[in-house]
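Each chain, written out:
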Amino acid sequence: MKKILFLAMAAAAMAGCSQNEEIENAGQKAEIEFGTVVKAGTKAVITTNDNFDKFTVRGYKTSDAMGPTVQLETGFIDNLELEKSSGWKYTNTFYWPLTGKVQFFATSPAQSFNLPVGYPTFDYTIKGVASQEDLLAANVIDQAKGAGAIILPFQHLLTQVNFTIKGATPDFTYTVSKLVIKGAKDKATFTFDGTATVGEWKNIVASVPAPEYVYQPETAVSVAPTADEPDIEQKLETTGNALFMLMPQDLSGVTLDITYTAAPTANTTAYTYNDTKTINLTGTWGMAQNIRYTLALTNDASPVEFGIPTVGGWENKAGTGETPVTSVSN
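Everything numeric in this text was worked out from a predicted model, so none of it was measured.

About the cut-offs
The residue numbering used here restarts from 1 in each chain and proceeds along that chain's sequence as written. Residues qualify for local features only when their pLDDT is at least 70, as the model is predicted, and side-chain atom pairs are given and counted only at 80 or more; totals for whole chains, interfaces and linings, by contrast, use all residues. Side-chain figures throughout are based on the complete set of non-hydrogen atoms in the structure, without hydrogens or water. The set of buried Ala, Val, Leu, Ile, Met, Phe, Trp, Tyr and Cys residues whose side-chain atoms join them within 4.5 Å is what this entry labels a nonpolar core. Each residue's exposure class comes from its accessible area (1.4 Å probe, protein chains only) as a fraction of the maximum for that residue type: buried when under 20%, exposed when over 50%, partly exposed otherwise. Segments assigned H or I by DSSP are reported as helices when at least four residues long, segments assigned E as strands when at least two residues long, and all are numbered from the N terminus. We call two residues in contact whenever any of their non-hydrogen atoms come within 4.5 Å of each other. One side-chain nitrogen of Lys or Arg within 4 Å of one carboxyl oxygen of Asp or Glu is enough to make a salt bridge. Each Phe, Tyr or Trp ring (for Trp, its six-membered ring) is paired with any other whose centre lies within 6.5 Å, and the angle between the two planes then decides the class: stacked below 30 degrees, edge-to-face above 60, tilted in between. Criterion for a charge above a ring: Lys NZ or Arg CZ within 6 Å of the ring centre, and within 35 degrees of the ring normal. Throughout this description, a polar contact denotes any pair of N or O atoms lying within 3.5 Å of each other; where both atoms belong to protein, one of them has to be capable of donating a hydrogen while the other can accept it, and for residues adjacent in sequence the pair is counted only when both atoms sit in side chains. Strands are treated as partners if at least two bridges between them are detected by DSSP.

J.: In this structure, what is going on with the nonpolar core? I would like to understand it.
T.: If you look at soluble globular proteins, the nonpolar side chains tend to sit buried side by side. By size, the foremost hydrophobic cluster in this structure holds 60 residues, and its most contacted members are Phe163, Ile181, Trp201, Phe244 and Trp285. Sorting elements by how many residues they give to this core places strand 14 (residues 172–182) first, with five residues. Not counting residues up to four positions away in its chain, the partners in contact with tryptophan 285 are Thr159, Val161, Ile181, Ala184, Leu246, Met247, Pro248, Gln249, Leu251, Val254, Ile291 and Tyr293. Counting residues in hydrophobic clusters, the runner-up holds 18 residues, among them Leu82, Phe104, Ala106 and Leu152.

Here it is in structure tokens:
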């Protein structure tokens, strides 16, 4: 299941004397107020309700329901940035228009929207490992005066890719110093679709030259199975972080290079293996999935073994009766 962050906002047309013909009269205007309610809940920090602190929303006024032939126009709510600092902070005051509908689209971090006919899009390129980030988006369409608070359910758009190591032979210590993912596509266009899944990635391609995503910890990571604990494992990422945050895609042509040593635990400098092995990754990385590969390292030149990777979606707490992370009072 996918972990979804809930944000609530009541939003609308631009305020000001010049817009009086489109908004509620002064006696009916209601200023938007935000309050937060937090649910329980080494590279890219995974966004959760606890650390979610900024997003940008856009509101487009339309006379008709949103659809593939609607042309959205700016000038309604443009790039409104909200920050969580003693409550969600933002500039200006907004009010519902008297007629028509409002289409809401939001991202975190902010993205530059394209407005073709139909739903908005944005282009995105995966950053280098040291700068990788969680990317979230939400949309709520066809809202009109009287709808009350607008709940924006934020969806994770990328794929967490994590690795766990284990040793194939007890009484050996296996130490990983480097991982390199090669052949992964890094560029695509995201298109909103007005649904709970928010949208989809299209035109997924690789930059030229193709990127290499390198994990090289300051201190190498080791695992040392024993006869009593032959299946002991060690995760490579730290708590609250993803090792890699990458573009969802088919894995044709994607490989992993793993550099490690193997030596008897009683003499960890007497290496029986000290080199790099290459593994072909297969299958697909899905949007908002947490993919974990468990690598069974050998103490010689035989191939590294791994089974089917585990796929865990970011947890979705929708429908559990928990209070959304942000609530609104009008």
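There's plenty left to go through after this.
J.: Just checking my understanding: could you explain the pattern of salt bridges for this structure?
T.: Working definition: two side chains of opposite charge can pair if their charged atoms are close together. According to the stated counting rule, one finds five salt bridges in the structure shown. When the shortest N-O distance is used, the salt bridge between lysine 166 and aspartate 231 registers 3.7 Å. Of the two residues, lysine 166 is situated in strand 13 (residues 159–167) and aspartate 231 in the loop between strand 18 (221–223) and strand 19 (233–235); the sequence distance between them amounts to 65 residues. Overall, the relative accessible area of 54% leaves aspartate 231 in the exposed class. Aspartate 257 is the salt-bridge partner of lysine 182, the closest N and O atoms lying 2.9 Å from each other. Of this pair, lysine 182 sits in strand 14 while aspartate 257 sits in strand 23 (residues 255–264); the two residues are 75 residues apart in sequence, bridging distant segments of the chain. A relative accessible area of 12% means that aspartate 257 is categorised as buried.

J.: Teacher, can you tell me more about the packing of aromatic side chains here?
T.: How two aromatic rings sit relative to each other is set out by the distance from centre to centre and by the angle between their planes. Counted according to the given criterion, the structure contains 16 aromatic pairs. Measuring from centroid to centroid gives 5.5 Å for phenylalanine 122 and phenylalanine 190, while their planes differ by 35°, and the two rings are tilted. You can see phenylalanine 122 sitting in strand 10 (residues 121–125) and its partner phenylalanine 190 sitting in strand 15 (residues 187–192), a full 68 residues away along the chain. Comparing phenylalanine 122 with phenylalanine 190 shows no difference in burial state: the two are buried. Ring pairs connect the aromatic residues Tyr60, Phe105, Phe113, Tyr119, Phe122, Tyr124, Phe190, Phe192 and Trp201, which therefore count as one cluster. One Lys or Arg, arginine 58, reaches over the ring of phenylalanine 113 and ends 3.8 Å from the middle of that ring. Here the guanidinium or amino end of lysine 277 rests over the ring plane of tyrosine 273, the centre of that ring lying 4.5 Å away.

J.: Whenever I open this one, the side chain of asparagine 139 confuses me. Can you help?
T.: Following the sequence through the fold, asparagine 139 ends up in strand 11 (residues 136–143). We classify asparagine 139 as buried; its relative accessible area is 5%. Among the polar contacts made by the side chain of asparagine 139, one reaches the main-chain amide nitrogen of glycine 194 at a distance of 2.9 Å. A polar contact is formed between the side chain of asparagine 139 and the backbone oxygen of threonine 195, at a distance of 3.1 Å. With near-sequence residues (within four places) excluded, asparagine 139 lies in contact with Phe104, Phe105, Leu152, Pro153, Phe192, Asp193, Gly194, Thr195 and Val198.

J.: Teacher, can you tell me more about the pairing of strand 23 here?
T.: A large share of strand 23 lies buried, amounting to eight of its ten residues. When strand 14 meets strand 23, the two strands line up antiparallel, connected through ten bridges. Directly across from tyrosine 174, in strand 23, lies its bridge partner alanine 262. Here strand 23 runs beside strand 24 (residues 273–280); their pairing, made up of eight bridges, is antiparallel. Bridging across to strand 24, threonine 259 finds its partner in threonine 276.

J.: What should I look at first to understand unusual backbone geometry in this one?
T.: Most peptide bonds are trans, and most residues other than glycine sit at a negative phi. Here the residue pair serine 108 and proline 109 is connected by a cis peptide bond, since its omega of -5° sits within 30 degrees of zero. Tracing the backbone shows proline 109 in the loop between strand 9 (101–108) and strand 10. In this structure, proline 209 follows valine 208 across a cis peptide bond, with omega equal to -5°. Relative to the helices and strands, proline 209 resides in the loop between strand 16 (199–205) and strand 17 (212–215). The phi dihedral of aspartate 171 falls on the positive side, at around 65°, and the residue is not glycine. A positive phi is found at asparagine 203, a non-glycine position, where the angle reads about 55°. Residue asparagine 203 is classed as exposed on the basis of its relative accessible area, which comes to 63%.

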